[in-house]
Amino acid sequence: MARMKAIIDCDPGHDDAVAIVLAAKHFDLLGVTTVGGNAPLWRVTDNALRVLDLIGRPDIPVARGAAGPLMGSLPGVGQRVHGATGLDGADLPRSQRAVIPRNGVEFLIDTVMSNPGTVVIATGPLTNVALAMRQEPRFARSVARLSIMGGSATWGNVSAAAEFNVWADPEAAHIVFTSGAKLTMCGLDLTRQAAVGRETIAGFRGVGTRTAGVIADLLEFYRAASEGLTGSPTVPLHDPCAVAVLAAPELFEFRFGQVEVETRGEWTRGMTVVDRRRWESEEPGVGPVGNCRLATRVDAEGLFALVREALASCP
Ligand code: RIB
Ligand code: CA
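These remarks concern the structure in this document. (Residues numbered from 1 in each chain as written. Chains lettered and ligands numbered in written order. Predicted model: local features only at pLDDT ≥ 70, side-chain atom pairs only at ≥ 80, totals over all residues. Heavy atoms only, no water.)

## Details of the coordination of the calcium ion (ligand 2)
Within the first shell, the calcium ion (ligand 2) binds the protein through Asp11 (OD), Asp16 (OD), Asp16 (OD), Thr123 (O) and Asp239 (OD), at distances of 2.2 to 2.6 Å. One chain supplies every donor for the calcium ion (ligand 2), spaced along it as D-x4-D-x106-T-x115-D. Of this pair, Asp11 sits in the loop between strand E1 (5-10) and helix H1 (14-26) while Asp239 sits in helix H12 (residues 238-247), and the two are 228 residues apart along the sequence. Assigned by exposure class, Asp11 and Asp239 land together as buried. (Donors = N, O, S within 2.8 Å, 3.2 Å for Na, K, Ca; no water. Helix = DSSP H or I, 4+ residues; strand = E, 2+ residues; numbered from the N terminus. Buried < 20%, exposed > 50% of the residue type's maximum accessible area, 1.4 Å probe, protein only.)

Shown next as structure tokens:
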């Protein structure tokens, strides 16, 4: 059976890098678009090229998208856990390849509109996706499914209320959550269930490929940096959840509900307000229950096995 076509829009980023590994394994990955987030746009774009070289996929095009949010400027907080380069902790050779001469937003639009059935996996701020929706009114309905790592049905990480990807561009997130697109949200309440510590990272390294060793080095850096900030010895594999939820939905449980993005609150700007009064455990039979399918549970060991399998398929 032909593999589902996908584009990953990301800000690599350590967990984005693992998401790229998973996406390249499970999808016909038509391209990678980048957005400023964990590090400045030029850094995350350079990192995307390096990761694709690492996994032996220089055939996958990379297109550079938005440098910052729709309003204001890019916050610098991402580099607190991802390092100055956005991907500190391992030696990934600079790529000899360049990005394609297409803007990432145009690439998203052209690729989705000319490849029916394509899914989009967004693991950074939603600026590119929102711009694509604004530029091409048919885009939102043309994306077969939009899987987002972002938001939270509980508390935040970059603030008490907000998760980083949504907080970095709340206006873009509002556009996406009100677009009518077929949304799947992997929020912090879910991704915190898929936290990795030294033992799980050692298990990734044990796969034995060069890619596995480099990814393990990267994740150990990410884990230690996160521990320095949070005190926890484990770090969530946020972005791979947004890939696995489409590649292996049997590992997840879902609810359906209404999610709104707060764009004005002094303490809550960037919060995803999830209306739990109308959780639905099954796809709604009739009537709109909400704008979003939320992944609420994950079989973390199943996800880690998926990562090991993907790492084993790399050089
Ligand atoms: O809040 C987690 C998200 O912020 C992840 O996408 C991670 O890469 C960072 O960008
Ligand atoms: Ca990310």
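Following the structure, the description resumes.
## Digging into the pattern of salt bridges
Under the definition given, this model contains eleven salt bridges. Of the charged contacts, one joins Arg205 and Asp217 as a salt bridge, the two residues approaching to 2.9 Å between their closest N and O atoms. Placement of the pair is Arg205 in helix H10 (residues 198-205) and Asp217 in helix H11 (residues 210-230), with a sequence separation of twelve residues. What makes Arg205 partly exposed here is its relative accessible area of 37%. Members of the salt-bridge network, linked through shared partners, are Asp46, Arg50 and Arg94. (Salt bridge = Lys/Arg side-chain N within 4 Å of Asp/Glu carboxyl O.)

## Structural notes on the side chain of Asp239
No salt bridge is formed by the buried Asp239. Its closest oppositely charged neighbour is Arg192, at 13 Å. A polar atom in the side chain of Asp239 sits 3.2 Å from the backbone nitrogen of Asp16. (Lys, Arg positive; Asp, Glu negative; His and termini not counted. Polar contact = N/O pair within 3.5 Å; in protein donor to acceptor, adjacent residues only side chain to side chain.)

These results come straight from atomic positions and should not be treated as a statement about function.
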